Amino acid sequence: MKGLLLKDWYMIMKYCKAYVLISLVFIGVSIMGDDNFFFILYPCILSGMIPVTLLGYDERSKWDQYCAALPYTKAQIVSGKYLIGMAAQIGMLVLSTVVQGIRMQVKGTFSWESFGSILSMLAAISFLAPAVSLPPMFRWGTEKGRMAYYISVGLICGISAFLASVSGITVLGSLPSSTAMLLLGLAALVAYGVSWYLSIVFYRKREG
Amino acid sequence: MHILIDNKSGTPIYDQIYSQIKSQIISGELQENEMLPSIRGLAKDLRISFITTKRAYDELEKEGFLYTIPAKGCYVAPKNVELLREETLKKIEDHIDQILKLAASCNLSKDDIVSMILFAMEGQE
Amino acid sequence: MNAIEIKNLTKSFPGFTLNNLNLTLPGGCILGLIGENGAGKSTTIKLILDIIHKDSGSITILGRDNTKNILLTKEEVGVVMDEIGLPECLTAKQIGNVMAHTFRNWDTSTYQALVQRMDLPEKKPFKDYSRGMKMKLGIAIALSHHCKLLLLDEATSGLDPVVRDDVVEMLSEFTRDESHSILISSHIVSDLEKLCDYIAFLHKGKLLLWEEKDVLLAEYGVIHCTSEQLQSIAPEAIKHKKESPYGVEALVLRSRVPSDLHISPISIEELFVYMVKEAR
């Protein structure tokens, strides 16, 4: 298991440097600008793409086939990707929310409620996209999985932007939006867990 | 000890090993009670199959040229005069076989062959 | 103990069936599994490792059923496939670190020594390696975790003669230990033929033959003769023949051929071609 994580770490250092750079730039831009959600969301979208990207590289280099002969279970191979994804997402999440928190402080618009909303929204973005896209990737390969990823990102962005733009207006019936955000964030975390389990089941069924 | 394997000759590899070790034992190049390389070691050095090597050793042991001490290795057996005689007799038989085959291919009669041999013997005397 | 014991193994895919395969690799020996592309060699190796799952039959590997405790078995097996699927951006050194956390018995000093001996650049990313270098690194990994069984799937095809020679040397060194066994699958054996103790032919998912190599070479031969001469041989002793207006070339059982006909030795590859043509 440690070997798998180490290998993915080496690959992130090689392939995903650009992601980190772009993310930092975007976070920078988001501090300067107004409440432009795109710049706040994008780094988290990128971090959600890390496990997906790694899986793509694995398939291209036929590591998935090589790995099948190594002493790893399919559950470990799947879990490696989910763990490395989780680490990347949590890292980016912490960075983004801290920066946003500071920005709100500076601007004097800080409230725990809106801070919680942002945190939940970013968590939803970070976790929901890979949660939706990884199982199809483990089931059918990365090509089809990638499609699922873009569709899911589009949907989540749409929903979040919608929720954010109607901030203050009750969205889910009588619930205030910040509660809705919180629920969305929690739902994303649960989805990530369910997705993890599904990927293991799917990958076990796959023969290659 | 030296063993030269020729992949291109028609002789089976085990036979090449067998006959080369044997001739070195008979010629005295390999001394009595001298230790031979292990089967695995020889197979590795010659880059040939383990079973091929084992077969050559088995054959030599069966004919009394080697003896094995379990867990230690294979050694050259003391020379056995009777054995050598038998060995030579076998060689003669093989050659006669060869002669008969060749004779059959040009339709020589039994008498022709006998007279050829007698003639050759007279020449040597 | 047998290193691999396959009994009545069957596996069906759409368009291909591996049919009732029985195959044994005795411990301490080298088995050459020979077949055309698509004959089922890779399928067999994947089934052995339980990477794909059998429909029926049983596979015992290093004394254990392959569906039980496969992780422990994989620790003891070195696998080198046709394409070495290592991450392209990793260097030999990084790959060594990854493997050190993968195999319980990883031996860093053996790995470093092998990498050095084979002149593999430690700091170059894997994608810049030539095919020969990739294969050598694959073999170095397989030999660095004290495995007892090597499975080589088309591992020597497409290598230049010098690298093939290096590979032959490493393999013959590996079997110096009597608890070490090797299964080599290939569509071509040539220089590996000498190493093999046993030979198996696979054709369209069926085993045509499994035999000790020396027995095969002693049993079969080729004769070149006229068609009249061929008639003097019992028909069941003729396994295959190629006729031309000028004469006949035939694969025969040595023991059944009259002594006046000259029999030439046969190579495993020739034997394979004859047998596959016969099976068609």
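Please read all numbers here as calculations on a predicted model, not as lab measurements. (Residues numbered from 1 in each chain as written. Chains lettered and ligands numbered in written order. Predicted model: local features only at pLDDT ≥ 70, side-chain atom pairs only at ≥ 80, totals over all residues. Heavy atoms only, no water.)

Engineer: Looking at this structure, how should I read the sheet that holds strand S6 (residues 77-80) of chain C?
Structural biologist: The strands making up a sheet are joined through hydrogen bonds of the backbone, oriented either antiparallel or parallel. Residues and elements named next belong to chain C. Overall, mixed pairing links the 6 strands, which are arranged S6-S7-S8-S3-S9-S10 in an open sheet. Bordering the open sheet on either side are S6 and strand S10 (206-212), each of which pairs with just one other strand. Pairwise comparison of adjacent strand axes, ignoring direction, gives a mean angle of 15° for this sheet. Here strand S3 (residues 30-35) runs beside strand S8 (residues 181-186); their pairing, made up of 5 bridges, is parallel. Within S8, the position partnered with Leu31 by the bridge is Leu183. (Pairing = 2+ DSSP bridges. Helix = DSSP H or I, 4+ residues; strand = E, 2+ residues; numbered from the N terminus. Axes fitted to C-alpha atoms, helices over the stretch in contact; angles between N-to-C directions.)

Engineer: Looking at this structure, how should I read the interface of chain C and chain B?
Structural biologist: Quoted interface sizes are often the accessible area lost when the parts come together. Counting residues at the interface gives 21 residues for chain C, matched by 16 residues for chain B. Taken over both partners, the interface formed by chain C and chain B buries close to 1,700 Å², and the fraction arising from carbon and sulfur atoms is 50%. Asp165 of chain C serves as the salt-bridge partner of Arg47 of chain B, at 2.9 Å between the closest nitrogen and oxygen. Between chain C and chain B we count 9 residue pairs in polar contact (both at pLDDT 80 or more) in total. Put simply, the parts of the chain that give the side of chain C that touches chain B at least two residues each are helix H6 (161-174) and helix H7 (213-219) of chain C. Here the element with the most residues in the side of chain C that touches chain B is H6 of chain C; it accounts for 5 residues. In the side of chain C that touches chain B, the residues fall into 6 nonpolar, 4 polar and 11 charged. (Contact = heavy atoms within 4.5 Å. Buried area = accessible area lost by both parts, 1.4 Å probe. Salt bridge = Lys/Arg side-chain N within 4 Å of Asp/Glu carboxyl O. Polar contact = N/O pair within 3.5 Å; in protein donor to acceptor, adjacent residues only side chain to side chain. Nonpolar A, V, L, I, M, F, W, Y, C, P; charged D, E, K, R; others polar.)

Engineer: What should I look at first to understand helix H1 (residues 41-48) of chain C in this one?
Structural biologist: Residues and elements named next belong to chain C. Of all 8 residues that make up H1, 7 are buried, and the element is covered over most of its length. Taken together, the buried positions of H1 are occupied by Lys41, Thr43, Thr44, Ile45, Lys46, Leu47 and Ile48. Following H1 by one or two positions, Asp50 has its phi on the positive side, about 60°. (Buried < 20%, exposed > 50% of the residue type's maximum accessible area, 1.4 Å probe, protein only.)

Engineer: Just to check I follow, could you spell out the packing of aromatic side chains for this structure?
Structural biologist: How two aromatic rings sit relative to each other is given by the distance of their centres and the angle of their planes. Counted by the stated rule, this structure contains 14 aromatic pairs over all chains. With 6.4 Å between their ring centres and 25° between their planes, Phe13 of chain C and Phe16 of chain C make a pair best called stacked. According to the relative accessible area criterion, Phe13 of chain C is partly exposed, its value standing at 30%. Taken together, a centroid distance of 5.0 Å and an interplanar angle of 65° make the contact between Phe201 of chain C and Phe272 of chain C edge-to-face. Here Phe272 of chain C lies in helix H9 (residues 268-279) and Phe201 of chain C lies in strand S9 (residues 198-203), a separation of 71 residues in the sequence. Each member of the pair, Phe201 of chain C as well as Phe272 of chain C, carries the same accessibility label: buried. Three or more aromatic residues link up through ring pairs in this structure, and these residues are Tyr82, Phe127, Tyr192 and Trp196 of chain A. One cation-aromatic arrangement involves Arg40 of chain B over Phe50 of chain B; the distance from NZ or CZ to the ring centre is 3.8 Å. Cation over ring: Lys134 of chain C sits above Phe126 of chain C, and NZ or CZ is 5.4 Å from the ring centre. (Phe/Tyr/Trp six-rings, centres within 6.5 Å; stacked < 30°, edge-to-face > 60°. Lys NZ or Arg CZ within 6 Å of the ring centre and 35° of its normal.)

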